Amino acid sequence: MNKFIAIIVVTFSLIPSTIMAASLTIPNNVNVLVHNGKSIEVKNNLPLAIGLNQIAFRYQGSYRERGNQEQFESEVVIVNFNAKDQQYRIELPTIRNNRAENNFNKNPNVVIKSADQQVSLTLDVLLKSGLQIGRDYQDEMAQYNQMEQVASVQQFIPLTSNAINDSHATVATTTQTTTSIVAPTAVAIAADTANDSKAVPKTIEQDQAEIRQMLDYWYSKANEQTRAEFKQAIK
C-alpha cells in the first residue's frame, strides 16, 4: 500500500506546471465573448492558461438618469495579461450616467488582481462599424490579432480563420474614428417629410445606411430579452 501511495505522489509531482489551476472570477455584469481565440460562455469562473491570456468581453449594466432606467452595454474590451497558478478577479468602475459610460468606452478602466496584487495588463477596444447583430466575435478577434494592434496576440489566430486575406474585414481599433449614431426624432422625421419635394433623391446606399444606423441605435437601447426576440424574428 505504501508503495502505491508513493507512486501516486511521484506521478503528480511530474505533472507539468502549465496545467496547474489558474482562474478568473467573472462578475455578473461581465459577458466574456472570446478567450484565447475561442468563443466561450462563462458564468462565474473562467479557467486560465498559465502564461499569456487574451480575453474579449462586454461590460453590461444599468443606471438611472433623469428619472429613467438606462441600460448600457460597453464596446468589446480586449485585455491581455500573464497568469500564474493563482486565482484572479476583475474590477470595473461603477457606471452611474451616460458620461461615465462614454468615458469607459473611450478609455476602459479595467483592473485585474490576484489577492491584493494588481496585475500588469494590456487594454484595447474592438470596434466594428455597421450592423451589430449576429457578430462573429471569434472571427473578429482573429482579424484583430492578425493586424498587430495594441493587444494583439498572434498565437491565438486559428489556422482556419476566415480573417486570413479577408478583403471585407471591418474590424477597427480605438485609434480609428467612429461615427456617432443618433436616433431620429419625430420633429426631424416630420421635417424630412415636409421637404421631400425639395430634397435631392437619396441613393439606395444612402437610404440603407440610414436604416442601419437606426437599427444599431435601437438595438443598443434594447434589453437582453428584446434583443433575443428580435434575433429570433429575423431568422
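Nothing here was measured: the structure is a model prediction, and the numbers come from that model.

**Concerning the side chain of D124**
Here is step 1 of the chain: Looking at where D124 falls in the secondary structure, it is placed in strand β11 (residues 121-128).
Here is step 2 of the chain: One buried charged residue, D124, remains without a salt bridge, the closest side chain of opposite sign being R135 at 12 Å.

**Section: the sheet that holds strand β1 (residues 23-25)**
For sheets, the rule is that strands pair by backbone hydrogen bonds, running either parallel or antiparallel.
Here is step 1 of the chain: Reading across from one edge, β4-β1-β8-β9-β10 is the order of the 5 strands in this open sheet, with mixed pairing throughout. Two strands bound the open sheet, and with one partner strand each, they are β4 (45-47) and β10 (117-118).
Here is step 2 of the chain: Sheet topology places strand β8 (residues 87-91) next to strand β9 (residues 111-114); 3 bridges connect them, and they run antiparallel. Paired with R89 across the bridge in β9 is K113.

**Topic: the packing of aromatic side chains**
Here is step 1 of the chain: This model, assessed by the stated rule, comprises 4 aromatic pairs.
Here is step 2 of the chain: Residues Y59 and F72 carry aromatic rings whose centres are separated by 5.3 Å and whose planes lie at 85 degrees to one another, so their mutual orientation is edge-to-face. Of this pair, Y59 sits in strand β5 (residues 51-65) while F72 is found in strand β6 (residues 68-73), placing the two residues 13 residues apart along the sequence. Pair check on accessibility: Y59 and F72 agree, each one buried.
Here is step 3 of the chain: With centroids separated by 5.3 Å and ring planes inclined at 65 degrees, the aromatic side chains of Y59 and F104 adopt a geometry described as edge-to-face. Of this pair, Y59 sits in strand β5 while F104 sits in helix α2 (residues 98-106), and the two are 45 residues apart along the sequence.
Here is step 4 of the chain: The class for F104 is buried, based on a relative accessible area of 4%.
Here is step 5 of the chain: An aromatic cluster is defined as three or more aromatic residues linked by ring pairs; in this entry it consists of Y59, Y63, F72 and F104.

The rules behind these values
Residues numbered from 1 in each chain as written. Predicted model: local features only at pLDDT ≥ 70, side-chain atom pairs only at ≥ 80, totals over all residues. Heavy atoms only, no water. Helix = DSSP H or I, 4+ residues; strand = E, 2+ residues; numbered from the N terminus. Buried < 20%, exposed > 50% of the residue type's maximum accessible area, 1.4 Å probe, protein only. Lys, Arg positive; Asp, Glu negative; His and termini not counted. Salt bridge = Lys/Arg side-chain N within 4 Å of Asp/Glu carboxyl O. Pairing = 2+ DSSP bridges. Phe/Tyr/Trp six-rings, centres within 6.5 Å; stacked < 30°, edge-to-face > 60°.

Note that every value here comes from positions in space, so none of it alone points to a role or purpose.
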